[in-house]
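Survey of secondary and tertiary structure
Chain residues, written in single-letter form:
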Amino acid sequence: MGKIIAVTNQKGGVGKTTTAVNVSAGIGKLGKKTLLVDIDPQGNATSGVGIDKRSIRNSSYNIIIDETKAEDAIIHTEFENLDIIPASIELAAADLELADIEKRESRLKNSLAMIKGDYDYIFIDCPPSLGLITTNALCAADTVLVPIQPEYYALEGLSQLMNSVRIVKRRYNSYLDIEGVLLTMYDGRLNLTQQVVQEVKKFFPRKVFSTIVPRGVRLSEAPSFGMPIMYFDKHSKGTSAYMELAEEIVKNNK
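Quick notes on the rules
Residues numbered from 1 in each chain as written. Predicted model: local features only at pLDDT ≥ 70, side-chain atom pairs only at ≥ 80, totals over all residues. Heavy atoms only, no water. Helix = DSSP H or I, 4+ residues; strand = E, 2+ residues; numbered from the N terminus. Buried < 20%, exposed > 50% of the residue type's maximum accessible area, 1.4 Å probe, protein only. Contact = heavy atoms within 4.5 Å. Areas by Shrake-Rupley, 256 points an atom, 1.4 Å probe, with all protein chains shown as cover. Phe/Tyr/Trp six-rings, centres within 6.5 Å; stacked < 30°, edge-to-face > 60°. Lys NZ or Arg CZ within 6 Å of the ring centre and 35° of its normal. Expected span 1.5 Å × (residues − 1). Patch = residues over 30% accessible without salt bridge, like charges linked within 9 Å, V, L, I, M, F, W, Y side chains within 5 Å. Salt bridge = Lys/Arg side-chain N within 4 Å of Asp/Glu carboxyl O. Pairing = 2+ DSSP bridges.

1. Comments concerning the overall build of the chain
- Of regular secondary structure, the chain possesses 11 helices and 8 strands.
- Across its three principal directions, the C-alpha atoms of the chain cover 50 × 40 × 35 Å.
- Out of the 254 residues belonging to the chain, those deemed buried represent 56%.
- When contacts within the chain are restricted to residue pairs at least 6 apart in sequence, long-range pairs at least 24 apart make up 78% of them.
- As displayed, the chain offers around 11,900 Å² of accessible surface, 48% of which is attributable to carbon and sulfur atoms.

Right under this line is the structure:
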């Protein structure tokens, strides 16, 4: 039975999609069958693995709103052991459409339950908000992976996110846990960075990944070529960091 991990942070620009794409590809490279589910209306994870959005027949919108079978939305990517359920722009209105639907928070969970056994890991790339789409991801997930950029506003956003996780855990998904907090866009030369890292470790004792993702030009370039970093530049610092993270997650889940 696969493990479902929601990659989420309602603050944009923290490396959420970069993390979802690259950790999925990294775990696929380690020989684990992996599915990436893109539920962000921007669809950056979809284009980040080389899928042309114009060619999509079914998307995560269809499985959440129309209850299309998840297996009918899966696309095999050209990368090792990596499949994707793509996103479409229609997701932008999905929060409004879900408002009148009964058991609206469980739509994604019910859909993924049918294919959970086909994968070792399922990663959900969430939108940068705490609406009904993200709630669907938190209800479906076993754990939450939180990417954080070590800067002044990071901790403020973190407490809001943890509040949402607690609410979902109390109301809908009592098994929901924290997979880990990932420090991204790290620049060790800044004093503020070091201070925020210490605060995050205090806030989450034993839950901060030992892997730290540095800032890197190659990481920023890879999505425009529709490739995860380890396929775009196997010698880059980003490749080392995300392969290390993949290994850390697999080891923690043995």
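2. Considerations on the packing of aromatic side chains
- Throughout the structure, instances matching the rule amount to 4 aromatic pairs.
- Ring geometry for F79 and Y231: centres 4.7 Å apart, planes at 50°, overall tilted. With F79 in the loop between β3 (75–76) and β4 (82–85) and Y231 in helix α10 (residues 229–232), the pair connects residues that are 152 residues apart, well separated along the chain.
- Relative accessible area serves as the criterion here: at 25%, Y231 is assigned to the partly exposed category.
- Above the face of the Y231 ring, K29 is positioned so that its terminal group lies 4.9 Å from the ring centre.
- One residue, K33, lies across the ring of Y119, its end atom 4.6 Å from the ring centre.

3. Points about unusual backbone geometry
- Here the phi dihedral of E67 falls at roughly 60°; this positive angle occurs in a residue that is not glycine.
- One can find E67 in the loop between α3 (60–65) and β3.
- The class of E67 is exposed, set by a relative accessible area of 55%.
- Backbone geometry places K103, a non-glycine residue, at a positive phi of 50°.
- Topologically, K103 is positioned in the loop between α4 (94–98) and α5 (107–113).

4. With respect to helix α11 (residues 237–252)
- With 16 residues, α11 extends 22 Å from end C-alpha to end C-alpha; this agrees with the ideal 22 Å at 1.5 Å per step.
- Taken residue by residue, α11 has G238, T239, A241, Y242, M243, L245, A246, E248, I249 and V250 as its buried positions.

5. Some remarks on a nonpolar patch on the surface
- Nonpolar side chains collect at one region of the surface, where Y152, Y153 and L192 lie side by side and expose about 370 Å² of accessible area between them.
- Within the element layout of this structure, Y153 appears in the loop between β6 (143–148) and α7 (154–171).

6. A short note on the pairing of strand β2 (residues 34–38)
- Across the 5 residues of β2, 5 count as buried, placing the element largely inside the fold.
- Because side chains alternate across β2, one face comprises the buried residues T34, L36 and D38, and the other comprises L35 and V37, equally buried.
- Judged from the 4 bridges that link them, β2 and β4 form a sheet pairing that is parallel. Counted as the bridge partner of T34 is L82 from β4.
- Here β2 runs beside strand β5 (residues 121–125); their pairing, made up of 5 bridges, is parallel. Counted as the bridge partner of V37 is I124 from β5.

Keep in mind that these numbers describe shape and distance, not what the molecule does.
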